[in-house]
Amino acid sequence: MLDLRFIRENTEAVRQAINAKGEKAALEEFLQLDMRRRDLLQEVETLKHQRNTISREVGLLKKEGRAGKELVEKYNLKVENYDLKNLEEELVKKMRHVNERIKALDEQLKKIEANLEKILLHIPNLPDPEVPVGSAEEDNVEVRRWGDVPQFTFTPRAHWEIGELLGILDFPRAGKITGSRFVLYQGEGARLERALINFMLDLHTGEHGYKEIFPPFLVHSQSMVGTGQLPKFAEDAFNVAGTEYWLIPTAEVPVTNMHREEILSAGQLPLYYVAYSACFRAEAGAHGRDTRGLIRQHQFNKVELVKFTLPQDSNEELEKLVNNAEKVLQLLGIPYRVMLMCTGDLGFAAAKKYDLEIWFPAYDAYREVSSCSNFRDFQARRAGIRYRPAAGAKTEFVHTLNGSGVAIGRTLAAILENFQQVDGSVVIPEVLRPYFPPSHEGIIRPAQG
């Protein structure tokens, strides 16, 4: 969420950001409401001052017997004489009218502030100056590549075909249990999924300095608002009917909200957290896209990286976060590229974002497996996450960052496609073999019979 004063003082920059991101926000209505709010606040302050003054006058009138003519002229009182009792009654009546006006204005202010908050929650974050301007993924900028794309002497199969041949992925049975866009992992497929989760957690905690968190998979609406999922993306999430609970779309939501409404000390920062979770997404805007395979599921597993940093350090911490996610793919031996997202592909809450895209032979293309974002203080304002730079200093908002470290299902799919053999078997990456039984040969072979 952007600061109200910032929007007021940088209206054109905010307008440009809304347009550059392809978002819709009622900025002009916001500005009009803000102006009306300030006018009302000024009137309320004037009336409160008048009320306090009248209250003192009543007290002095009782105590000292102030000059009646002076009070009549000062407050334009309607009295026929300057009798102290009449004056007191008129002053009390005047104060009652002032109180009623203040109450009426306060009600107006509440409605205006509620509308301001509603609009404010739909205004996107401003892009970093380094973010390229563009409207679609074609305008994203490739930063670097790693690994050699495999060359096959045969036509490579898609991962869902490989999974069926190996007997490790069962989409029909998952459909029977739940519906489309779900998968049932079986045997070595389930073990491979679990191996990837454990490998990523071990890597990020053991080598990259992250603290492991195992969060709830349900959060309430306030937590979803805090990270920017609500109210804008309600249709993309799963709500538990009749409750304020939501299935998490990513562990970013519960982990970021660990410090909601807290004041951290500068000495605590940066904080690094890593969390495994199942993720649940309605994919409301993805009708007809990637209907087969593991690329776009309603439920999938992910290892998430979350950072809380000092504002001056967040750019450097973003680069480190990207490198941490890259290390996963490097150790697995999966070819990938790093893309800097353009304004139109940046997303609502991010100020700067890199995508890691892994190679899929069957698609003959790179597909996203991790998004690493710097939100600056956008989420922290929504969630009330502050820090105190020094003892006695005024609090400031932290910067939050997060990135997939990485998405499990897509990584598993890429392993099946990149390491497939002509006979349909798949070679397991070396770093995952310790998570299999010692007797395992490191190859998943087609199911017999």
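Structure shown above.
Residues numbered from 1 in each chain as written. Predicted model: local features only at pLDDT ≥ 70, side-chain atom pairs only at ≥ 80, totals over all residues. Heavy atoms only, no water.

Visitor: Describe the pattern of salt bridges, listing the residues and the values that go with them.
Guide: Taken as a whole, this structure holds 26 salt bridges when the rule is applied. One salt bridge connects Arg381 with Asp3, and the closest N-O pair in it is separated by 3.6 Å. Placement of the pair is Arg381 in helix H12 (residues 378-383) and Asp3 in the segment before helix H1 (4-9), with a sequence separation of 378 residues. Accessibility expressed as a relative area gives 30% for Asp3, which makes it partly exposed. Here Lys307 and Glu317 are joined by a salt bridge, their closest N and O atoms 2.7 Å apart. Residue Lys307 is located in strand E10 (residues 299-309), and its partner Glu317 is located in helix H11 (residues 314-332); the two are separated by 10 residues in the primary sequence. This pair shows no difference in class: Lys307 is buried, exactly as Glu317 is. (Salt bridge = Lys/Arg side-chain N within 4 Å of Asp/Glu carboxyl O. Helix = DSSP H or I, 4+ residues; strand = E, 2+ residues; numbered from the N terminus. Buried < 20%, exposed > 50% of the residue type's maximum accessible area, 1.4 Å probe, protein only.)

Visitor: Just give me the short version of the environment of Ala278, but keep the residues and values in it.
Guide: Among the secondary structure elements, Ala278 is positioned in strand E9 (residues 271-280). Sequence spacing of Ala278 and Lys302 is 24 residues, and the spatial spacing of their C-alpha atoms is 6.3 Å. Those residues within four positions of Ala278 in sequence are excluded, and the remaining contacts are Phe217, Ile248, Phe300 and Asn301. (Contact = heavy atoms within 4.5 Å.)

Visitor: Describe the sheet that holds strand E8 (residues 263-265), and please don't skip the residues or the numbers.
Guide: One open sheet holds the 3 strands; their spatial order is E8-E14-E15, and the pairing between them is mixed. Looking at strand neighbours, the two that pair on one side only are E8 and strand E15 (396-397), the edges of this open sheet. Pairing analysis gives 2 bridges linking strand E14 (residues 386-388) to E15, with the strands arranged antiparallel. Across the sheet, residue Tyr387 finds its bridge partner in E15, namely Glu396. (Pairing = 2+ DSSP bridges.)

Visitor: Break down the state of the cysteines for me, citing the residues and quoting the values.
Guide: This model, assessed by the stated rule, comprises 0 disulfides. Cys279 takes part in no disulfide bond, and the closest cysteine sulfur, belonging to Cys372, lies 14 Å away. Look at Cys372 and you get buried, because its relative accessible area is 0%. (Disulfide = S-S within 2.5 Å.)

Visitor: Describe helix H2 (residues 11-20), and please don't skip the residues or the numbers.
Guide: Turning to H2, its buried residues number three or more, namely Thr11, Val14, Ala17 and Ile18. Down the axis of H2, the buried set is contained in an arc of 125°. They therefore lie on one face. At the exit of H2 stands Gly22, carrying a positive phi of roughly 70°. (Arc of directions from axis to C-beta.)

Visitor: I'd like a rundown of the packing of helix H6 (residues 159-166) against helix H13 (residues 408-418), residues and numbers included.
Guide: When two helices pack together, their arrangement is given by the angle between the helix axes and the distance between those axes. Remark: H6 packs on H13, axes separated minimally by 9 Å, with the N-to-C direction vectors making an angle of 80°. For the element pair H6 / H13, the angle class is roughly perpendicular. Along its contact with H6, which presents His159, Ile162, Gly163 and Leu166, the element H13 presents Ala413, Leu416 and Glu417. Looking at the contact of H6 with H13 residue by residue, the class counts come to 4 nonpolar, 2 polar and 1 charged. (Axes fitted to C-alpha atoms, helices over the stretch in contact; angles between N-to-C directions. Parallel < 35°, antiparallel > 145°, perpendicular 65-115°, else oblique. Nonpolar A, V, L, I, M, F, W, Y, C, P; charged D, E, K, R; others polar.)

Visitor: How would you sum up the packing of aromatic side chains? Please name residues and give values.
Guide: A full pass over the atoms with the stated rule returns 12 aromatic pairs. Aromatic side chains Phe348 and Phe378 sit 5.6 Å apart centroid to centroid with 80° between the ring planes, which places their arrangement in the edge-to-face category. Of the two residues, Phe348 sits in the loop between strand E11 (336-340) and strand E12 (352-360) while Phe378 sits in helix H12, which places them 30 residues apart along the sequence. Assessed through its relative accessible area of 0%, Phe378 is described here as buried. When the ring of Trp359 is compared with that of Tyr366, the centres are 5.0 Å apart and the planes differ by 70°; the resulting orientation is edge-to-face. (Phe/Tyr/Trp six-rings, centres within 6.5 Å; stacked < 30°, edge-to-face > 60°.)

Visitor: How would you explain unusual backbone geometry if you had to name every residue and give the values?
Guide: Put simply, Leu230 and Pro231 share a cis peptide bond, and its omega is 0°. Of note, Pro231 is situated in the loop between helix H9 (221-227) and strand E6 (238-239). Here the residue pair Leu269 and Pro270 is connected by a cis peptide bond, since its omega of 5° sits within 30 degrees of zero. One non-glycine residue with positive phi stands out, namely Arg181, at about 65°. Looking at the element boundaries, Arg181 is found in the loop between helix H7 (171-177) and strand E3 (184-185). A relative accessible area of 13% places Arg181 in the buried class. One non-glycine residue with positive phi stands out, namely Arg376, at about 55°. Mapped onto the fold, Arg376 is located in strand E13 (residues 365-376).

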